[in-house]
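Structural description and commentary
Take a look at the letters that make up each chain.
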Amino acid sequence: MVRHWIFVTSPENYEVCKKYNVFGADSRYKIAVTEHINPGDLVFFYVTKKREFRGPYKIVDRGYYDPDHQAVENWKSPRKQVRYEYIIPLERLVNRDLRIPLEKVFDKLLFITNKKGFKKRSFRGVRGGYTDHFQFSIISIRKEDFDTLLQFVFEKEQDLLKKLFAELKDQN
């Protein structure tokens, strides 16, 4: 059975994930990484500070512990003693880095049950609102939520293709 996930990370760490095609988690996520996340599972990233999803990705191998992986030294943790040494190999499912602004899908996502605080410009001090849903690095989501994000990707891809065809038509 395919499971669907959100991996939460900072903009800087997302760049490392893209470069090495892996996601890293700390020891608190050992069981999730090694026992629950499986090859074939599907993922979107939620990039904090940017308030956007990126993806989709597919898990290509079982997660494993590797403190010597190249990405480990590049990931930054807000807590200095924490290292992301549990590695999940990924494959990007689209060639471009598509961005899905949270505001475009916010009201449709079922895993966000508390919508409080979303409209505020500053999120410091917002407690008990939607940001609580992104406080963990690995979030299991329902297929319906994954499909909502995927639908946005398809629509964006169609818009890009229409624009490309229009440009090609204008050149002829």
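A brief structural summary. (Residues numbered from 1 in each chain as written. Predicted model: local features only at pLDDT ≥ 70, side-chain atom pairs only at ≥ 80, totals over all residues. Heavy atoms only, no water.)

1. Considering the side chain of Ser10
The topology assignment puts Ser10 in the loop between β1 (4-9) and α1 (11-20). The class of Ser10 is buried, set by a relative accessible area of 16%. Polar side-chain contacts of Ser10 include one of 3.1 Å to the backbone nitrogen of Asn13. Setting aside chain neighbours within four positions, we find Ser10 in contact with Val47 and Thr48. (Helix = DSSP H or I, 4+ residues; strand = E, 2+ residues; numbered from the N terminus. Buried < 20%, exposed > 50% of the residue type's maximum accessible area, 1.4 Å probe, protein only. Polar contact = N/O pair within 3.5 Å; in protein donor to acceptor, adjacent residues only side chain to side chain. Contact = heavy atoms within 4.5 Å.)

2. What about the environment of Glu73?
Along the chain, Glu73 falls in the loop between β5 (64-65) and β6 (86-92). For Glu73, a relative accessible area of 57% puts it in the exposed group. Through-space distance from the C-alpha of Glu73 to that of Glu85 is 9.3 Å; in sequence the pair is 12 residues apart. Within the local environment of Glu73, its side chain forms a polar contact with the side chain of Arg83, the two groups lying 2.8 Å apart.

3. Some points on the side chain of Asp41
With respect to the helices and strands, the residue Asp41 is situated in the loop between α2 (30-36) and β3 (42-47). Summary of buried charges: Asp41 has no salt-bridge partner, and the nearest side chain of opposite charge, Arg3, is 5.3 Å away. For Asp41, the side chain forms a polar contact with the side chain of Trp5, separated by 3.1 Å. With sequence-adjacent residues up to four places away left out, Asp41 is seen in contact with Met1, Val2, Arg3, Trp5, His36, Tyr57, Lys58 and Ile59. (Lys, Arg positive; Asp, Glu negative; His and termini not counted. Salt bridge = Lys/Arg side-chain N within 4 Å of Asp/Glu carboxyl O.)

4. Examining α1
Of all the positions in α1, only Pro11, Asn13, Tyr14, Val16, Cys17 and Tyr20 are classed as buried. The first or second residue beyond α1 is Asn21, which carries a positive phi of 55 degrees.

5. Quick word on the nonpolar core
Phe7, Phe23, Phe45, Trp75, Ile88, Leu90 and Ile138 are the most contacted members of the largest nonpolar core, which has 27 residues in total. Elements with a contribution of two residues or more to this core: β1, α1, β2 (22-25), β3, β4 (52-59) and β6. Setting aside its immediate chain neighbours within four residues, Phe23 contacts Phe7, Val8, Thr9, Cys17, Phe45, Trp75, Tyr86, Ile87, Ile88, Leu90, Ser137 and Ile138. One finds Ile6, Val8, Leu149 and Phe152 within the second-largest nonpolar core, a separate group that totals 21 residues. (Core = buried A, V, L, I, M, F, W, Y, C linked by side-chain atoms within 4.5 Å.)

6. Focus: the pattern of salt bridges
The full count for this structure, using the stated rule, is 11 salt bridges. When the shortest N-O distance is used, the salt bridge between Arg83 and Glu73 registers 2.8 Å. Of this pair, Arg83 sits in the loop between β5 and β6 while Glu73 sits in the loop between β5 and β6, and the two are 10 residues apart along the sequence. Of the residues examined, Arg83 reaches a relative accessible area of 33% and is grouped as partly exposed. The network of salt bridges with shared partners includes Glu15, Lys18, Glu52, Arg54, Asp97 and Arg99.

Any functional reading would require information that these geometric values do not contain.
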